[in-house]
Amino acid sequence: MSYLDWGVLVGTLAFIALYGMWKTRGSQNIEGYLKGNNSEKWWTICLSIMATQASAITFLSTPGQAYEDGMRFLQFYFGLPIAMVIISVSFIPIYYRLKVYTAYEFLESRFDLKTRSLAAFLFLVQRGLAAGITIYAPAIILSSILGWNVNTTNIILGLVVVLYTVTGGTRAVSVTQKQQMAVMMGGMIVAGIIVINMLPPDVSFYDAVQVAGKMDKLNLINFSFDWNDRYNVWSGVTGGLFLFMSYFGTDQSQVARYLSGKSITESRLGLLFNGLLKIPMQFIILFIGVMVFVFYQFVQPPVFFNKVVKERLYETSYAGNLIQLETEHNANFKEKTRVVKDMLRGIQAEDQTAINSARAELNGIEAEGKAIRNEVKSLLQKANPKAEVKDTDYVFISFVMQYMPTGIIGLLLAVIFCASMSSTSSELNALASTTVIDMYKRSFRTQASDTHYLQASKLFTIGWGLFAILFATLASQLDNLIQAVNILGSLFYGTILGIFVVGFYLKYIKANAVFWAAVVAEALVILTYTTTEVGFLWLNPIGCLLVIGFGYFFQVVLPQKR
Amino acid sequence: MDQESSTDNHKPPFFKSWRPFYYMVIGTLILQIVVFYAITQYFE
């Protein structure tokens, strides 16, 4: 990496961290530290919500997913605007009326302490582990591509976030997220423009979109219903709705963002504009991945995008097989480019027969190319059974490193780091406030001064930060951890949402019934996950509906207090 | 900031009440689905 790239990367990150610390300097109280003194305007809330949700994996994985699978992943977000409306109507007014610091405080006023503690505990377990992964996931990819030490990357990234989050609390999180979001969207738009400009001179933007469409990469909408198909309109609207209601309505890392609003109006506008902007933002990121795909129809892509893992194979007895497969891959690419050019001529001449003939030929060539890549993956696994054979996450970053101009590489690495830091800071802030408000202040040290709780909040932020860094460091020794923690989220989200839905809408169900319903629902969700093949997105509605169903059941069956 | 003053009666900008704003968000979602469907069909 050049000095200019290093300058852009370090300069951007240092500026944001220092700006956050400077902007939030001075004396604070607990209200200011955990709720930002309710001073945020709607655009800050909106950017903060978007920056919290956008992790580094969003920018590393999503373009790669579009490269492999097209743009159908966009449908996953169709439930989000509906969730924003429901939360604006039902959740926000209640949170404001009760003047809560955390979402779980509401559960005590509606049910009892044990239900509040159960929901807060589920959140701390799930989010505490996820914070480690938010740091670890980009670190492992960047260290693999750039040759950095993964633990050093974890520690530096984690400590910078801890520093400004501890110093400025919620306000520092919001202030820095505005800058981080600007870097993220600015960087991705620049990347998109450069990718389009890097297409061959005889391929216009319209041609590129045509090629992408004919090669099934613009598969944005699928109305056919299929339980086994993870992304279609119906799974996006229903499964996505439950997931996003739970995430934005009950996950403190998001609730804290809009509770820092100046008024209900500002909080609502922040959420609703997130509902308006999120889908176009994901569209842009996926579209960049599709343009990278079109670029690689004319410029030879590597047979496997994770260069480090591939190069290790050269040092084994399988090197000969790999060279043979690479030769076949090269021949396959040349053949594919020839047919893509034929198709392009057909498109330009509006010759449907030529287009159809090229498409039929391409199907066979692509299947052959896929078979070659699968053979490479099986070789990698034979050489090292623990090797990471999924290279989708490496498509975009390897493209950036190989083809982007100097300076832009540093900017795009800053995008990835900003995304990781913005999510981590929200998570640490939420973990600390939940620990202090729902556990420490409520059950352990109930009568202390504001200064004491402020100090405790700072210490818990440091504690959770160190835990996240430690977990990120140990994560490299465990298999399939990222997937495990993603699934962990879906295992808990449905149950937590179920408790809140009962709290908001089903007055008939009381404290004991909802508590035991949540315990049983959680056990059944875990049982469903371990014994069936149900996709983990569906665990969200299942968990929620089980809490509601068992809530009614226990309300009838359990003896009532008089 | 006194949150008691933050009541549900605050209006969104450009709208007389929240309801049309909510309809606008849902309407935009429907419009996006229609546009994406058209893109899928046109370039297929």
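Nothing here was measured: the structure is a model prediction, and the numbers come from that model. (Residues numbered from 1 in each chain as written. Chains lettered and ligands numbered in written order. Predicted model: local features only at pLDDT ≥ 70, side-chain atom pairs only at ≥ 80, totals over all residues. Heavy atoms only, no water.)

Considerations on the interface of chain A and chain B
Contacts between the two partners involve 35 residues from chain A, matched on the other side by 27 residues from chain B. Where chain A abuts chain B, roughly 2,900 Å² becomes buried across the two surfaces, and 71% of that area is made up of carbon and sulfur atoms. Together, Ile 221, Arg 268 and Leu 276 of chain A form the three largest contributors to the area buried by chain A at its contact with chain B, with a combined 17%. Between the two partners, chain A and chain B, sit 0 salt bridges. There are 6 residue pairs in polar contact (both at pLDDT 80 or more) connecting chain A and chain B. Where the side of chain A that touches chain B is concerned, the elements lending two or more residues are helix H5 (79–97), helix H9 (205–214) and helix H12 (264–298) of chain A. (Contact = heavy atoms within 4.5 Å. Buried area = accessible area lost by both parts, 1.4 Å probe. Salt bridge = Lys/Arg side-chain N within 4 Å of Asp/Glu carboxyl O. Polar contact = N/O pair within 3.5 Å; in protein donor to acceptor, adjacent residues only side chain to side chain. Helix = DSSP H or I, 4+ residues; strand = E, 2+ residues; numbered from the N terminus.)

Considering the packing of aromatic side chains
Between two aromatic rings, the relevant description is the distance of the centres plus the angle of the planes. All names here are of chain A. Tallying each qualifying case throughout the model produces 56 aromatic pairs over all chains. Ring geometry for Trp 464 versus Phe 467: centroids 5.7 Å apart, planes at 90°, classification edge-to-face. Separated by 3 residues within a single helix, Trp 464 and Phe 467 lie in helix H18 (residues 450–475), roughly one turn from each other. Classification of Trp 464 as buried rests on a relative accessible area of 16%. With a relative accessible area of 35%, Phe 467 lands in the partly exposed category. On the basis of an interplanar angle of 25° and a centroid distance of 5.9 Å, the ring pair of Tyr 508 and Tyr 552 is categorised as stacked. Here the residue Tyr 508 occupies a position in the loop between helix H19 (481–505) and helix H20 (511–531), and Tyr 552 occupies one in helix H21 (residues 539–557), the gap between them amounting to 44 residues. The structure contains a cluster of three or more aromatic residues connected by ring pairs, namely Phe 73, Phe 76, Tyr 77, Tyr 231, Phe 244, Tyr 247, Phe 248 and Tyr 493. Across from the ring centre of Tyr 453, 5.2 Å away, lies the NZ or CZ of Lys 441, which sits over that ring. (Phe/Tyr/Trp six-rings, centres within 6.5 Å; stacked < 30°, edge-to-face > 60°. Buried < 20%, exposed > 50% of the residue type's maximum accessible area, 1.4 Å probe, protein only. Lys NZ or Arg CZ within 6 Å of the ring centre and 35° of its normal.)

Thoughts on the domain arrangement of chain A
Often the size quoted for an interface is simply the accessible area lost on bringing the parts together. Residue and element names in this part refer to chain A. For chain A, the assigned domains are domain 1 (3–296 + 402–474), domain 2 (307–390) and domain 3 (479–562). Taken over C-alpha atoms, the centre of domain 1 sits 35 Å from the centre of domain 2. With 12 residues of domain 1 at the interface, the matching set in domain 2 holds 12 residues. Summed over both partners, the interface of domain 1 with domain 2 buries about 1,100 Å², with 62% contributed by carbon and sulfur atoms. When the area that domain 1 buries against domain 2 is broken down by residue, the three leading residues are Val 211, Lys 214 and Met 215, summing to 45%. Taken together, the connections running from domain 1 to domain 2 amount to 2 salt bridges. Put simply, Arg 373 and Glu 68 hold a salt bridge, and the shortest N to O gap is 3.0 Å. Put simply, domain 1 and domain 2 have 3 residue pairs in polar contact (both at pLDDT 80 or more) between them. Secondary-structure elements contributing two or more residues to the side of domain 1 that touches domain 2 are H9 and H12. (Domains from an automatic or database assignment.)

Structural notes on the nonpolar core
Residues and elements named next belong to chain A. Counting residues in each nonpolar core, the largest one holds 190 residues, and the members touching the most others are Phe 59, Tyr 95 and Met 404. With 19 residues, the single largest contributor to this core is H12. Once residues within four sequence positions are removed from consideration, Tyr 95 is found in contact with Val 100, Ala 103, Phe 106, Gly 249, Thr 250, Val 255, Tyr 258, Leu 259, Phe 500 and Phe 504. Counting 12 residues, the second-largest nonpolar core is a separate cluster that includes Phe 304, Val 309, Ala 387 and Val 389. (Core = buried A, V, L, I, M, F, W, Y, C linked by side-chain atoms within 4.5 Å.)

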